[in-house]
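# Tertiary structure, described
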Amino acid sequence: SEALDDIAQIAQSLNIKVVNCSFGISGGGTDPTQRAKANALVDRGVVVVASSGNNGGGGSTADPGRASKVLTVGGVNDINQVASYSSGSLLSAADTDDKPDLVAPGGSSYRSKILSVDSNGAEAANPSFPDVQANDYTSILGTSMAAPLVAGASALVIQALESKGHVWSWDSSASPLFVKMLLTASATETNANRETSAYNPTLG
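Residue numbers restart at each chain and count upward from 1, following the sequence in its written direction. Two thresholds apply to this predicted model, a pLDDT of at least 70 for residue-level local features and 80 or more for giving and counting side-chain atom pairs, whereas whole-chain, interface and lining totals are computed over all residues. To obtain the side-chain values, all non-hydrogen atoms of the structure were used and water was disregarded.

### A closer look at the overall build of the chain
Operational definition: Every helix listed is a DSSP run of H or I at least four residues long, and every strand listed is a run of E at least two residues long, numbered separately from the N terminus. Taken over C-alpha atoms, the radius of gyration is set against a globule rule of 2.2 Å times the number of residues to the power 0.38. Exposure categories follow from relative accessible area, calculated using a 1.4 Å probe and restricted to protein chains: below 20% of the type maximum is buried, above 50% is exposed, and the middle band is partly exposed. The contact criterion used is simple: two residues touch if any of their non-hydrogen atoms lie within 4.5 Å. Note on areas: these come from Shrake-Rupley sampling with a 1.4 Å probe, and a residue is covered only by the protein chains present in the view. Only four residue types enter the tally: Lys and Arg on the positive side, Asp and Glu on the negative side, with His and both chain ends excluded. Here the site of a charge means NZ on Lys, CZ on Arg, CG on Asp, or CD on Glu.
Helix and strand content of the chain: four helices and six strands. Along the chain, helices and strands appear, N-terminal first, in the series α-β-α-β-β-β-β-β-α-α. Against the globule reference of 17 Å for 204 residues, the chain gives a C-alpha radius of gyration of 17 Å, in line with a compact fold. Residue burial in the chain is summarised as follows: out of 204 residues, 41% are buried. For the chain, the proportion of contacts with a sequence separation of at least 24, taken over those separated by at least 6, is 72%. In the form shown here, the chain has an accessible surface area of approximately 10400 Å², with 53% of it arising from carbon and sulfur atoms. Measuring between centres, the 12 positive side-chain charges of the chain sit 5 Å from its 19 negative side-chain charges.

In structure tokens:
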């Protein structure tokens, strides 16, 4: 929560227009304060991208991903099926919205994982294997792998807008919500069942 406050204070001076939040309250939990801070950051002119969480089709999206103004991202596999772990839910509080807003490749235990940087922990996710090579890569999955792809896409959209003369607004949510609208409006629904054929998404 404090990091969101800090970013709100320095965003304009450091030209921060996109923030990736690959974290959430454990188990799909709620934190209205964190949610309010994420929405407030959007009001300060920052696109906030959040992972939907890894609580499965029957599980809830956690805060800050619940926030209505945040661009919340679920995970899909290689063939655009929603991954078994990807959270999603219909939310009813005034400052929430139906989530996720978008999906992006997040890896899958049924198909390919995502190649990502290694946190220099044990190899093979097994404490008995020491870290053989520092600062290398590892195969991983989750909505925290999918959200950065949408954060990057947001930055590319901003770059394209500004190349055509768009002036970024730091004193309202107008510019970040415009980016969110462009990404969600240009996305397509795959009409594919979830990879585990449970909690399948419906067109809408």
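Further notes follow.
### Section: the packing of helix α1 (residues 2-10) against helix α2 (residues 32-43)
Helix-helix packing: each pair is described by the crossing angle between the helix axes and the interaxial distance. What counts, and what does not: Fitted lines through C-alpha atoms give the axes, limited to the stretch in contact for helices. The angle between two N-to-C directions lies from 0 to 180 degrees. Angles below 35 degrees are treated as roughly parallel, those above 145 as roughly antiparallel, those between 65 and 115 as roughly perpendicular, and all remaining angles as oblique. Take the far helix as the reference: if the near one is turned anticlockwise from it by less than a right angle, the crossing is left-handed, and if turned clockwise, right-handed.
Look at α1 against α2: their axes get within 9 Å of each other, and the N-to-C directions meet at 15°. With respect to their mutual orientation, α1 and α2 come out roughly parallel. Judged by the twist between their axes, the crossing of α1 over α2 is left-handed. Only Q34, K37, A38 and L41 of α2 make contact with α1, whose side of the interface consists of L4, D5, I7 and A8.

### Brief notes about the sheet that holds strand β2 (residues 47-51)
Under the convention used in this document: A strand pair is defined by DSSP finding two or more bridges across the two strands.
Read from one edge to the other, the open sheet built from four strands follows the order β1-β2-β3-β4, with strand pairing classed as parallel. Looking at which strands have only one partner, the edges of the open sheet turn out to be β1 (18-21) and β4 (102-105). Shown here is a sheet whose adjacent strand axes are inclined to one another by a mean of 30°, direction ignored. Contacts from helix α4 (residues 174-186) reach β2, β3 (71-76) and β4, with the element oriented near 30° to β3.

### Brief notes about α1
The cut-off we apply is this: Along the arc lie the directions from the helix axis toward the C-beta atoms.
Those residues of α1 that fall on the buried side of the exposure criterion are L4, I7 and A8. Around the axis of α1, the buried residues are gathered within 105° of arc, so they sit on the same side. Facing away from the buried side of α1, by more than 90 degrees, are the exposed residues E2 and Q9. Packed against the buried residues of α1 are β1 and α2.

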